[in-house]
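If you want the building blocks of each chain, they are given just below.
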There are 2 protein chains.
Amino acid sequence: MPDPPRDVLHYPSIHRTFLEPHLPPKTPSTASPYPFTTLTFATSLDSQLALSPGAPTALSGPESKAMTHYLRSRHDAILIGVGTAVADNPSLNCRIEGVGGYGGEGLEGQPRPIVLDPRARWEVNGETKVLKLAREGRGKAPFIITTKGAEVGGKREVLEGCGGKFIEIDTGGERKLGWRDILRALKEEGLNSVMIEGGAGVINELMSPENAELVSFVIVTIAPTWLGKGGVVVLPDRRNDSCGKPIAAARLDGVKWYPLGEDVVLCGKMKLDG
Amino acid sequence: MPDPPRDVLHYPSIHRTFLEPHLPPKTPSTASPYPFTTLTFATSLDSQLALSPGAPTALSGPESKAMTHYLRSRHDAILIGVGTAVADNPSLNCRIEGVGGYGGEGLEGQPRPIVLDPRARWEVNGETKVLKLAREGRGKAPFIITTKGAEVGGKREVLEGCGGKFIEIDTGGERKLGWRDILRALKEEGLNSVMIEGGAGVINELMSPENAELVSFVIVTIAPTWLGKGGVVVLPDRRNDSCGKPIAAARLDGVKWYPLGEDVVLCGKMKLDG
């Protein structure tokens, strides 16, 4: 077994217990057409993910960062929107000590990266971190979800060359992919759990009343920082009651708060109407 | 001693301990020209105080609400901006069991309400809750801070009639009151501690680099709710470093998170530059 790379992360077992009730079951549900879906992200106190799109924003502390990687090891897949893929060129692998590529065998514990890219605009090439890591055996190659008929050109060869692929979803001509179709496609790939990490557009969509029931649990990390005006904001659409009066857009149920380093971790379920 | 009114609140001693290091000292500092200043407010996960100005927004749980009243009992004064006074017609008293008007003697434990109203636009009249409570012996009458020369008209008589008063600050013609002048004026009134509760304009101003050093502690309650687009937002101004690159607007130091009911309470000090 090779030595783990220097960027390996440790997440102590003492901080694992509180997460357990919110994690995918060891034996996946066969009843649901959708995977176990965790919505997870880190914000500032003013509900921002970053100072600007693509700006590397040191927000969470080291403990929370390690937690995110531990959560990745507990899911079959991690999903991001194409905006985040383009802006951040993220690694999308798991660096917890003991997973494949970080002290462990093969690719055990490495989640499948999923990029939601309806019109196939993400340029996968030699600079794409997630492909590099896949070639080095430190992560799985990504699956890219597009609408049927999106022009992928030479990218198919690049992607398939490192073990990834495109998944096409037939939207009947609609430009937008629906979350039920996306999640069903993942389940059909044998991916029984997915951790959805962002960006803001994806998060805000999943918190809408239409989609909230698809989310098994929400795990939010909050850092004791205000980024200030002009950043990338988690802010769902306004909702009104039947008389047109504004009401809260979304609320969590069965809430647990867990202080972790300088941050706090919030776990809960989306509260559904009716 | 009369029976306490039915709206009395209880805040158990088990939840008092974590607040103690963040509260005004029993013996006030004589060295500082300013009072001990606590900035405290309750937000949603998307950093909002309310669905819209003046909309009563049930955000915090009963435990956090009781905590706010306990905090009021530990400060000489509580301060709000005129926008909040006009929009909410707030009570601005303390309803913790045992304070004056709620089972206790006289007005013991009742903070002095302060309304920051540079141009004296707050209409104090028979409908003003804080005046009503003062007349009923369940709270102190408010002090209203204006710029020197603001037209107060017949309001002076109404206010003084129930034990309140106007405090004029000479701004040398400026329309805006500076926070150093405001806080110095409070100290000169013998108010050695003040809890600043909002609204958003006041909070955002105090978090600016210019004013952050005036804040002794910040106590924020966060409810597990997203209000969604269009509410009243706590969002300080953007800051840039010397090269014009955006940086975090404000950060807390010495942070403590304390889960309280469904909410979490965050205590910390504003981190100062340099």
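Residues numbered from 1 in each chain as written. Chains lettered and ligands numbered in written order. Predicted model: local features only at pLDDT ≥ 70, side-chain atom pairs only at ≥ 80, totals over all residues. Heavy atoms only, no water.

- As recorded in an unreviewed UniProt entry, chain A goes by 2,5-diamino-6-ribosylamino-4(3H)-pyrimidinone 5'-phosphate reductase and comes from Glarea lozoyensis.
- You can read under Pathway (unreviewed entry) in the UniProt record for chain A the words "Cofactor biosynthesis; riboflavin biosynthesis."
- Its UniProt record gives chain A a comment under Sequence similarities (unreviewed entry), which states: "Belongs to the HTP reductase family." (UniProt positions renumbered as here; feature names shortened; annotations may be inferred.)

### Thoughts on the nonpolar core
Link 1 in the chain: Core analysis: the largest hydrophobic core is formed by 88 residues, its most contacted members being A:W226 and B:W226.
Link 2 in the chain: Excluding residues within four positions of it along the chain, A:W226 makes contact with A:L45, A:D46, B:F41, B:M207, B:V218, B:V220, B:V234, B:P236, B:A248, B:A249, B:A250 and B:L252. (Core = buried A, V, L, I, M, F, W, Y, C linked by side-chain atoms within 4.5 Å. Buried < 20%, exposed > 50% of the residue type's maximum accessible area, 1.4 Å probe, protein only. Contact = heavy atoms within 4.5 Å.)

### Examining the sheet that holds strand β5 (residues 143-147) of chain A
Link 1 in the chain: Spatially, β6(A)-β5(A)-β4(A)-β3(A)-β7(A)-β1(A)-β8(A)-β14(A)-β13(A)-β9(B) is the arrangement adopted by the ten strands of the open sheet, whose pairing is mixed. What marks the edges here is a single partner per strand, and that holds for β6 (165-169) of chain A together with β9 (225-226) of chain B.
Link 2 in the chain: Summarising the sheet, strand β1 (residues 36-43) of chain A and strand β8 (residues 217-222) of chain A pair through six bridges and their orientation is parallel. Counted as the bridge partner of A:F41 is A:V220 from β8(A).
Link 3 in the chain: Its contacts with the sheet place helix α1 (residues 62-73) of chain A against β1, β3 (77-81), β7 (193-198), β8, β13 (250-260) and β14 (263-270) of chain A, and it is angled at close to 145° to β7(A). (Pairing = 2+ DSSP bridges. Helix = DSSP H or I, 4+ residues; strand = E, 2+ residues; numbered from the N terminus. Axes fitted to C-alpha atoms, helices over the stretch in contact; angles between N-to-C directions.)

### Points about the pairing of β14(A)
Consecutive side chains of a regular strand alternate in pointing toward one face of the sheet and then the other.
Residue and element names in this part refer to chain A.
Link 1 in the chain: Of all the eight residues making up β14, seven are buried; the element is thus mostly covered by neighbouring parts of the structure.
Link 2 in the chain: Bridge count between β8 and β14: five bridges; the pairing is antiparallel. In the sheet register, I219 faces β14, and the bridge partner there is C267.

### Overview of the interface of chain A and chain B
Size of an interface, as often reported, equals the accessible area lost when the parts are brought together.
Link 1 in the chain: Facing 39 residues of chain A, the contacting portion of chain B comprises 38 residues.
Link 2 in the chain: When the two sides are added together, the surface that chain A and chain B hide from each other amounts to roughly 3400 Å², 59% of it contributed by carbon and sulfur.
Link 3 in the chain: It is A:W226, A:K229 and A:W257 that lose the most area in chain A upon contact with chain B, and together they represent 25% of the buried surface on that side.
Link 4 in the chain: At the boundary of chain A with chain B, the tally comes to four salt bridges.
Link 5 in the chain: Of the charged contacts, one joins A:D237 and B:K229 as a salt bridge, the two residues approaching to 2.7 Å between their closest N and O atoms.
Link 6 in the chain: If you look at where chain A meets chain B, you find 24 residue pairs in polar contact (both at pLDDT 80 or more).
Link 7 in the chain: Mapped by element, the contributors of at least two residues to the side of chain A that touches chain B are β8, β9 (225-226), β12 (246-247), β13 and β14 of chain A.
Link 8 in the chain: Residues that form the side of chain A that touches chain B fall into these classes: 26 nonpolar, six polar and seven charged. (Buried area = accessible area lost by both parts, 1.4 Å probe. Salt bridge = Lys/Arg side-chain N within 4 Å of Asp/Glu carboxyl O. Polar contact = N/O pair within 3.5 Å; in protein donor to acceptor, adjacent residues only side chain to side chain. Nonpolar A, V, L, I, M, F, W, Y, C, P; charged D, E, K, R; others polar.)

### Notes on the pairing of β3(A)
All names here are of chain A.
Link 1 in the chain: Where burial is concerned, most of β3 is hidden: five out of the five residues are buried.
Link 2 in the chain: Of the two faces of β3, the one lined by A77, L79 and G81 and the one lined by I78 and I80 are each fully buried.
Link 3 in the chain: Relative to strand β4 (residues 112-116), β3 runs parallel, the two being bridged by five bridges. Pairing of G81 across the sheet is with L116, part of β4.
Link 4 in the chain: Assessed by its sense of winding, the connection that carries the chain from β3 through helix α2 (residues 82-88) to β4 is right-handed.
Link 5 in the chain: Pairing geometry for β3 and β7, over four bridges, is parallel. In the strand pairing of β7, A77 is matched with V194. (Right-handed = clockwise from strand over helix to strand, strands pointing away.)

### Details of the sheet that holds β9(A)
Link 1 in the chain: The sheet built from ten strands is open, its strands ordered β9(A)-β13(B)-β14(B)-β8(B)-β1(B)-β7(B)-β3(B)-β4(B)-β5(B)-β6(B) with mixed pairing. A single partner strand is all that each edge strand has here, and the edge strands are β9 of chain A together with β6 (165-169) of chain B.
Link 2 in the chain: Strands β1 (36-43), β3 (77-81), β7 (193-198), β8 (217-222), β13 (250-260) and β14 (263-270) of chain B of the sheet are contacted by helix α1 (residues 62-73) of chain B, whose axis makes an angle of about 145° with β7(B).

### Quick look at the side chain of B:N93
Residues and elements named next belong to chain B.
Link 1 in the chain: Tracing the chain through its elements places N93 in the loop between α2 (82-88) and β4 (112-116).
Link 2 in the chain: Side chain to side chain, N93 and Y102 meet in a polar contact 3.0 Å long.
Link 3 in the chain: Aside from chain neighbours lying at most four places away, what touches N93 is H69, R72, Y102, Q110, L133, R138 and G139.

### Notes on the relation of the copies chain A and chain B
Link 1 in the chain: Screw-axis analysis of chain A against chain B gives a translation of 0.0 Å along the axis, an RMSD of 0.0 Å, and a rotation angle of 180°. Considering both components of the superposition, the chain copies are consistent with a two-fold axis.
Link 2 in the chain: Looking at the interface residues of chain A, 97% of them are also at the interface in chain B, so both copies use one shared face. (Least-squares fit on C-alpha atoms with pLDDT ≥ 70 in both.)

### Thoughts on the packing of aromatic side chains
Remark: the centre distance and the inter-plane angle together describe each pair of aromatic rings, the angle taken between the planes.
Residue and element names in this part refer to chain A.
Link 1 in the chain: For the structure on display, the rule yields six aromatic pairs over all chains.
Link 2 in the chain: Ring centres 3.6 Å apart and planes at 10° place the aromatic pair F18 and Y258 in the stacked group. With F18 in the segment before β1 and Y258 in strand β13, this pair connects stretches of sequence that are 240 residues apart.
Link 3 in the chain: A cation over an aromatic ring shows up here: K165 above the ring of F143, its NZ or CZ 5.2 Å from the ring centre. (Phe/Tyr/Trp six-rings, centres within 6.5 Å; stacked < 30°, edge-to-face > 60°. Lys NZ or Arg CZ within 6 Å of the ring centre and 35° of its normal.)

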